[in-house]
Amino acid sequence: MIDSPDGSQYLDFLFVEGERLGWIFRDRHLYRHRFPEPYPRLDGVRDEVFFDAVTASQDKWYRMRRWVGIGFGVMVVLLCLGILGNGPTTNLGVIIVVGLAVMVGGALLSWFNSRSAEDGPMRERERQLRLYEAECAWWEERREQFDDAERDRVSGYLEWGAALLPPTTRRVDIVGGSAWGWEALLTVMGASMLRTRGAMTLVDFTGEPACHELVWLARAASVDVTAIRLPEQVGETTLLSELDGQGLVDSLVEAMHGDAPAGRRADRAQDDRLLSTVCRALGEDVTIRRIAAAVSVLLDEPGDFPELSEAEREHISDSLFSDEFRRQTHPNLRRIESHLHPLRELFTGTGQRQDLHDLGKPGLTCLVYESTAHNVREELLKELVLQGLVQRLTSPEPFIGPLVIAGADDLGHRHIERLSDLCVRRGVRLVLMFRHLRDSAVRAVGGDVVTFMRLSNHEEAARAADFIGRQHTFRLSQLARTLGGSQTHSQSNSLGSSDQISGGPVPRNVSVGRNWTHTRTVADSVNWNESASEQRSYEYVVEPRTLQDLPDYALIEVTQGTGRLSVRTVECNPDIISLPRVTTGPLPDLRLPHPSQAAVLPSAEGGGPPLNLPGQPRPAYDDQSGWAEEHYPEDRW
């Protein structure tokens, strides 16, 4: 993951003050404002232009016929004037030509005027389109200038900030994830804890050294690192080497019985009595190796048992218990012997105090369990290491730095609770990492901060979603809107004439009348009706499917005990520090623009990318072509 040869470029970023889980992403483009000017509108053709076009179309032929009448009138007038001698000419041909010229010229002029009026709406629309295109081009130019200024303004905004743990956090539970995700999380979280507290104790029960990268970086940063391989080197620690007889007995009994139900309490009490009596018989030199030899003597096992002196063997065999008691407790002795037998070679008891590695000291101390086997012996050793931690926390010596246990799935719930209570009293931050949300983890999870990484199993994802909880949400289920309009205009024109001619022996009446009417009607009706209804639903805060689809380096942090539930998404990939716009502290508080003024809305429905949603590809904004994936390659997530 970290590809630098010496890791030097990462040290200043990872080893900083403040205990953190990773980084939080905040898209800087969400703070861009939208261009405030509205887009230009294309105006409609005026009513007067339509009215003139309709009027000209209806009156066109009437006006042409009127010019024909005017031409005949001109010929008659010229002919009469010529007969009376007052006209310019009496030539009938000339008079006819003049009349026809008046007829044709007036008719053509009237036709062209009517056509011009009829084409008025088209010319008006073309003029408006030219103005509209010019306004749009100007608007686009101003918008581009505004957007460029906004992009320049937010270009300096930070996008990645540290996800710091609350200072009052006493316990952190991490559930789910993969080996790669745990390695990244331990690197980021462990480095910041070492810088803040100066010490850290890590017990890695995963069987896959998840702390390898953290150890490498700590050594590159000149941090004192102590790495102990389990189970081979467990005897080189002070976990059980400095306990008195009763402390060793308590540790062995609790490790052997684990999360045994209350009905097994009699067996625990019987084992406690047997081991306590054996330890008293051994005097002050009490070790696991000597206890195992004494139990074998009680079972009449063959062998020399050099761990015990001749006097001790005789006392244990003849005087420690009666024959009847040994017969009745034989099953208990056999069970104790089977548990102690694989531990005899691990705790030799030959080391001196100065040669043993103590826990809770400055620097990084890692107890790494390298075996991938899963059997009763390995479970017993894990429980025994846990009991050693309990005994260490009860000792008067101070325990410096946080305690991290990776792979706590096989540990008993009762013992985890005991360890957690001791850490709270001693002021030691406890971090428990569970690969699965089942068995003891279901009962143990519930610290101040609980983080969920990928949970592929649907049942575990459902349990995690139930733990995070549900909340009431309101969603708009229906929105109906009706819009209409009505407007009425009316106009009427009419023209008429009549002539009466009387004369001769027979009275005669001649009536000539002409009437025309133009009517234009426009109807608009406006009726507004807007209705909306909201529906209340009870939904998961985080859906189980989201937990199943989380990337390797993403986690959902749930913080409790602050008066309200806080849920946020965190990225723990150490390579994030190589991206631009990263800060080692929390992101500064910035005020988002109002949705009506935002250029990018924080949801896909608003036309922009989603926020930092777990399980979805990380979108990146390309200033030239919009949203693009190549800015944040997929392999980073």
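Rules used throughout
- Residues numbered from 1 in each chain as written.
- Predicted model: local features only at pLDDT ≥ 70, side-chain atom pairs only at ≥ 80, totals over all residues.
- Heavy atoms only, no water.
- Helix = DSSP H or I, 4+ residues; strand = E, 2+ residues; numbered from the N terminus.
- Buried < 20%, exposed > 50% of the residue type's maximum accessible area, 1.4 Å probe, protein only.
- Contact = heavy atoms within 4.5 Å.
- Areas by Shrake-Rupley, 256 points an atom, 1.4 Å probe, with all protein chains shown as cover.
- Expected span 1.5 Å × (residues − 1).
- Core = buried A, V, L, I, M, F, W, Y, C linked by side-chain atoms within 4.5 Å.
- Pairing = 2+ DSSP bridges.
- Right-handed = clockwise from strand over helix to strand, strands pointing away.
- Salt bridge = Lys/Arg side-chain N within 4 Å of Asp/Glu carboxyl O.
- Axes fitted to C-alpha atoms, helices over the stretch in contact; angles between N-to-C directions.
- Parallel < 35°, antiparallel > 145°, perpendicular 65-115°, else oblique.
- Nonpolar A, V, L, I, M, F, W, Y, C, P; charged D, E, K, R; others polar.
- Patch = residues over 30% accessible without salt bridge, like charges linked within 9 Å, V, L, I, M, F, W, Y side chains within 5 Å.
- Disulfide = S-S within 2.5 Å.
- pLDDT = per-residue confidence, 0-100.

*Asks:* Whenever I open this one, the overall build of the chain confuses me. Can you help?
*Replies:* On a plain count of helices and strands, the chain comes out with 17 helices and 15 strands. A burial count over the chain gives 45% of its 637 residues as buried. Intrachain contacts of the chain at a sequence separation of at least 6 include 79% that bridge at least 24 residues. Carbon and sulfur atoms form 51% of the exposed surface of the chain, whose accessible area is close to 33600 Å².

*Asks:* Explanation requested: helix α7 (residues 245-257) in the structure shown.
*Replies:* Here α7 spans 19 Å end to end across 13 residues, near enough to the 18 Å set by a 1.5 Å rise per residue. Across the 13 residues of α7, 11 count as buried, placing the element largely inside the fold. Inspection of α7 places G245, G247, L248, V249, S251, L252, V253, E254, A255, M256 and H257 among the buried residues, and these make up the whole buried set. Looking at the buried side of α7, the elements it contacts are α8 (265-282), α9 (288-298), α12 (330-340), α13 (376-394) and α14 (413-426). With its phi angle positive at about 55°, G258 sits one or two positions after the end of α7.

*Asks:* Looking at this structure, how should I read the nonpolar core?
*Replies:* One recurring pattern in soluble globular proteins is that nonpolar side chains are buried together. Within the largest apolar cluster, 82 residues are counted, with the highest numbers of intra-cluster contacts made by I291, L403, I405, L419 and F452. Counting residues in hydrophobic clusters, the runner-up holds 34 residues, among them M200, V225, C366 and V570.

*Asks:* Looking at this model, I keep getting lost on the pairing of strand β7 (residues 403-406). Mind explaining?
*Replies:* Remember that side chains alternate between the two faces of the sheet whenever the strand is regular. Of the two faces of β7, the one lined by L403 and I405 and the one lined by V404 and A406 are each fully buried. The pairing of strand β4 (residues 199-204) with β7 spans 4 bridges and is classified as parallel. Bridge pairing in β7 links V203 to I405. By the bridge criterion, 4 bridges tie β7 to strand β8 (residues 430-434) in an arrangement that is parallel. For A406, the partnering residue across the bridge sits in β8 and is M433. Of the crossover connections in this fold, the one passing from β7 over α14 to the parallel β8 is right-handed.

*Asks:* Got a minute to help me understand unusual backbone geometry in this structure?
*Replies:* Excluding glycine, a negative phi dihedral is what most residues carry, and trans is how most peptide bonds are arranged. Here L230 and P231 are connected by a cis peptide whose omega angle stands at 5°. Here the phi dihedral of D300 falls at roughly 60°; this positive angle occurs in a residue that is not glycine. Structurally, D300 is set in the loop between α9 and α10 (310-319). Its relative accessible area of 56% is what places D300 among the exposed residues.

*Asks:* Before we go on, may I ask you to explain the environment of S178 in this structure?
*Replies:* Along the polypeptide, S178 turns up in the loop between β3 (171-175) and α5 (179-197). Spatially, the C-alpha atom of S178 lies 9.9 Å from that of A210, the residues being 32 residues apart in sequence. Excluding residues that lie within four positions of it along the chain, S178 makes contacts with R435 and D552.

*Asks:* What is the right way to look at the pattern of salt bridges in this model?
*Replies:* Opposite charge on two side chains permits pairing when their charged atoms draw close. Within the structure shown, the criterion is met by 30 salt bridges. The partner of D285 in a salt bridge is R290, and the shortest N-O contact between them spans 3.7 Å. Under the relative-accessibility criterion, D285 is labelled partly exposed at 44%. A residue is classified by how much of its surface remains accessible, and R290, at 8% relative accessible area, is buried. Residues D358 and R392 are paired through a salt bridge, measuring 3.2 Å at the closest nitrogen-oxygen approach. Note that D358 is positioned in the loop between α12 and β6 (363-369) and R392 in helix α13, a separation of 34 residues in sequence. When its relative accessible area of 12% is taken as the criterion, D358 is described as buried.

*Asks:* Quick question: what am I supposed to make of the packing of α8 against α12 here?
*Replies:* How two helices pack is summed up by the angle between their axes together with the distance between the axes. Following both chains from N to C, one finds α8 and α12 inclined at 75°, their axes separated by 10 Å at the closest point. When the axes of α8 and α12 are compared, the pair comes out roughly perpendicular. Mapping the contact onto sequence places D267, Q270, D271, L274 and L275 in α8 and N332, L333, R335 and I336 in α12. Its residues assigned to classes, the contact of α8 with α12 shows 4 nonpolar, 2 polar and 3 charged.

*Asks:* What am I meant to see in a nonpolar patch on the surface here?
*Replies:* A surface patch of nonpolar side chains, about 320 Å² in accessible area, is lined by L79, L92, I96 and L100. With 3 residues, helix α3 (residues 92-118) is the single largest residue contributor to the nonpolar patch. On the secondary structure map, L79 appears in helix α2 (residues 47-84).

*Asks:* Can you walk me through the state of the cysteines in this structure?
*Replies:* Where two cysteines share a covalent bond between their sulfur atoms, that bond is called a disulfide. One pass over the structure, following the stated rule, counts 0 disulfides. C211 carries a free sulfur, and the closest cysteine sulfur to it, the one in C366, is 4.2 Å from it.

*Asks:* When you look at the environment of V49 in this model, what are you seeing that I'm missing?
*Replies:* Here V49 lies in helix α2. Along the sequence, V49 and E118 sit 69 residues apart, while their C-alpha atoms lie 8.7 Å from each other. Beyond its immediate sequence surroundings of up to four residues, V49 is in contact with G120 and P121.

*Asks:* Is there a simple way to explain α14 in this structure?
*Replies:* Since one α-helical turn is 3.6 residues long, residues separated by three or four positions face the same way. Across its 14 residues, α14 extends 20 Å between first and last C-alpha, which sits within 8% of the 20 Å expected from 1.5 Å per residue. Residues of α14 that are buried: H413, H415, I416, L419, S420, L422 and C423. G427 sits one or two positions beyond α14 and adopts a positive phi of about 70°.

*Asks:* Mind showing me how you'd approach the confidence of the model for the chain here?
*Replies:* Low-confidence regions, as indicated by low pLDDT, have predicted coordinates that should not be scrutinised in detail. Averaged over every residue, the pLDDT of the chain is 77; the share at 70 or more is 76%. Mean pLDDT across the secondary structure elements of the chain bottoms out at strand β15 (residues 626-628), with 37, and peaks at β8, with 95. Every residue in residues 474-533 is under pLDDT 50, and counting partners more than four places away or in other chains gives 95 contacts. A low-confidence stretch, residues 604-637 stays under pLDDT 50, and its non-local contacts, those more than four residues away or across chains, total 75 contacts.

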